[in-house]
Amino acid sequence: MTDPQSPRPAATGKGLGGFPLLRWVLAPRTTWQARRIAADFGPGMDTQTAWTMARLQLCPDERPWAMTHLDSEHDS
């Protein structure tokens, strides 16, 4: 039996595999690939890094954006 006080996945904004539902809707292929990368790597891989790696595999021309994105994540 589920606890009525616990948040549902839609309420927390998380979709399948810990990725936000909006990413599944807007970029399902990238998100599916990112989910596979994160699963293959194991629990040490965060979803942002996995998604960026998947995006680079599918769209290598986005490398400048990805490097800026990862560098800003590293600085915070």
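These figures come from a predicted structure and were not determined experimentally.

Engineer: I'd love a proper account of the pattern of salt bridges, names of residues and values included.
Structural biologist: Enumeration according to the criterion identifies one salt bridge in this entry. Note that glutamate 62 and arginine 55 form a salt bridge whose closest N and O atoms lie 2.9 Å from each other. With a relative accessible area of 25%, glutamate 62 lands in the partly exposed category.

Engineer: I'd love a proper account of the side chain of threonine 30, names of residues and values included.
Structural biologist: Tracing the backbone shows threonine 30 in helix α3 (residues 28-41). The buried category is assigned to threonine 30, whose relative accessible area is 3%. Residues in contact with threonine 30, not counting those within four places in the same chain, are Trp51, Ala54, Arg55 and Leu58.

Engineer: Provide a residue-level description of the packing of α3 against helix α4 (residues 47-58), including the pertinent values.
Structural biologist: The N-to-C vectors of α3 and α4 enclose an angle of 120°; their axes lie 8 Å apart at closest approach. Judged by the angle between their axes, α3 and α4 are oblique. The hand of the α3/α4 crossing is right-handed. Contacts from Arg29, Thr30, Thr31, Gln33, Ala34, Ile37 and Ala38 of α3 reach α4 at Ala50, Trp51, Met53, Ala54, Arg55, Gln57 and Leu58.

What counts, and where the lines are drawn
- Residues numbered from 1 in each chain as written.
- Predicted model: local features only at pLDDT ≥ 70, side-chain atom pairs only at ≥ 80, totals over all residues.
- Heavy atoms only, no water.
- Salt bridge = Lys/Arg side-chain N within 4 Å of Asp/Glu carboxyl O.
- Buried < 20%, exposed > 50% of the residue type's maximum accessible area, 1.4 Å probe, protein only.
- Helix = DSSP H or I, 4+ residues; strand = E, 2+ residues; numbered from the N terminus.
- Contact = heavy atoms within 4.5 Å.
- Axes fitted to C-alpha atoms, helices over the stretch in contact; angles between N-to-C directions.
- Parallel < 35°, antiparallel > 145°, perpendicular 65-115°, else oblique.
- Left-handed = near helix turned anticlockwise from the far one by under 90°.

Keep in mind these numbers describe shape, not what the thing actually does.
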